[in-house]
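One letter stands for each residue in the lines below.
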Amino acid sequence: MKSSKLIMGCLAALGLAAGLATTAQAQSESEREAIAERLAPVGQLCLQGEECGIASAAPSGGSSGGAVDGAEVYGSVCMACHDTGAAGAPKRGEADAWAARLDQGIETLYTHAINGFNAMPARGGNPNLSDDEVKAAVNHLVEPVFDGDLPAIGGGEATTDDAAAETAAAAESGGSDLDGEALYGSSGCAACHGAGVAGAPVLGDAEAWGPRIDQGVETLYQSALNGKGAMPPKGGNAGLADEEVMAIVDYMVSQAQ
């Protein structure tokens with residue numbers, strides 16, 4: 001009898017221990033999940049051309065022909081800089097910061113946003129955005145300080161691929177209409193070549209450009225297209241056509257001769 005009670009007591013103790021172990025394991029897993037959630041990064045830094053984080057998840061409704069939600073695109077891609085002023089980006093709603101920029105016209109702002117300008121990469125660093133999506137984001141960005149009606153976006157404009165094809169076709173037909181100076185200013189090249197960042201030869205510095213020009217313009221083209229030293233291919237602006245890159249090189253060379 002005593003042995004039976006002892007056995008029953010041991011079994012009960014074992015059952016209780018197993019239950020406590022299961023509960024402890026569940027709590028441990030729950031705690032680990034909670035800790036992992038608290039330690040998760042608040043965001044990701046993505047380089048142009050990479051598919052990661054918020055940037056790769058940005059909407060892509062601009063090529064569908066319907067209305068584009070500029071606020072959504074802005075929140076996905078643009079607000080990281082334009083809400084904080086990172087890298088000198090003008091903040092949304094700050095009239096003084098936008099006054100001189102708006103004086104250039106909304107089409108110029110669209111062009112800068114699509115092609116990149118100074119520290120801002122093309123399409124805010126998300127090459128998957130269509131032209132319409134970029135323009136809609138610009139509209140949302142400047143809306144608080146814009147005097148008048150902004151252009152309606154969406155409904156039949158050429159897609160990014162169509163625009164690139166048109167640009168390439170125009171270049172192949174002669175390229176005489178490519179403005180190297182304008183492309184230099186809008187492509188992002190000025191960010192390095194205007195200040196000599198990372199050893200880039202400064203625009204107009206004949207002494208710095210002399211040995212490079214002596215290598216021949218074809219060598220300069222290849223260096224600009226494929227990258228060299230600290231300079232990435234096409235200056236980090238993958239959206240540029242080869243002919244546009246060459247037009248920029250021609251302009252920079254002309255300023256050093």
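Residues numbered from 1 in each chain as written. Predicted model: local features only at pLDDT ≥ 70, side-chain atom pairs only at ≥ 80, totals over all residues. Heavy atoms only, no water.

**Digging into the confidence of the model for the protein chain**
Link 1 in the chain: Model confidence for the protein chain is summarised by a mean pLDDT of 74, while 66% of its residues fall at 70 or above.
Link 2 in the chain: Predicted confidence is poor over residues 47-65, with pLDDT under 50, and the contacts of this stretch with residues over four places away or in other chains come to 41 contacts.
Link 3 in the chain: Within the model, pLDDT remains below 50 along residues 170-176, and this stretch shows five contacts once partners closer than five positions in the same chain are excluded. (pLDDT = per-residue confidence, 0-100. Contact = heavy atoms within 4.5 Å.)

**Here we look at the pattern of salt bridges**
Link 1 in the chain: With the rule as written, the count across this model stands at three salt bridges.
Link 2 in the chain: Notably, a salt bridge pairs Glu143 with Arg92, separated by 3.8 Å at the nearest N-O pair. Of this pair, Glu143 sits in the loop between helix 6 (131-142) and helix 7 (160-172) while Arg92 sits in the loop between helix 3 (70-82) and helix 4 (95-103); the two residues are 51 residues apart in sequence, bridging distant segments of the chain.
Link 3 in the chain: The partly exposed category is assigned to Glu143, whose relative accessible area is 46%.
Link 4 in the chain: We classify Arg92 as partly exposed; its relative accessible area is 29%.
Link 5 in the chain: Between Arg123 and Asp131 there is a salt bridge, with the nearest N and O atoms lying 2.7 Å from each other.
Link 6 in the chain: Assessed through its relative accessible area of 13%, Arg123 is described here as buried. (Salt bridge = Lys/Arg side-chain N within 4 Å of Asp/Glu carboxyl O. Helix = DSSP H or I, 4+ residues; strand = E, 2+ residues; numbered from the N terminus. Buried < 20%, exposed > 50% of the residue type's maximum accessible area, 1.4 Å probe, protein only.)

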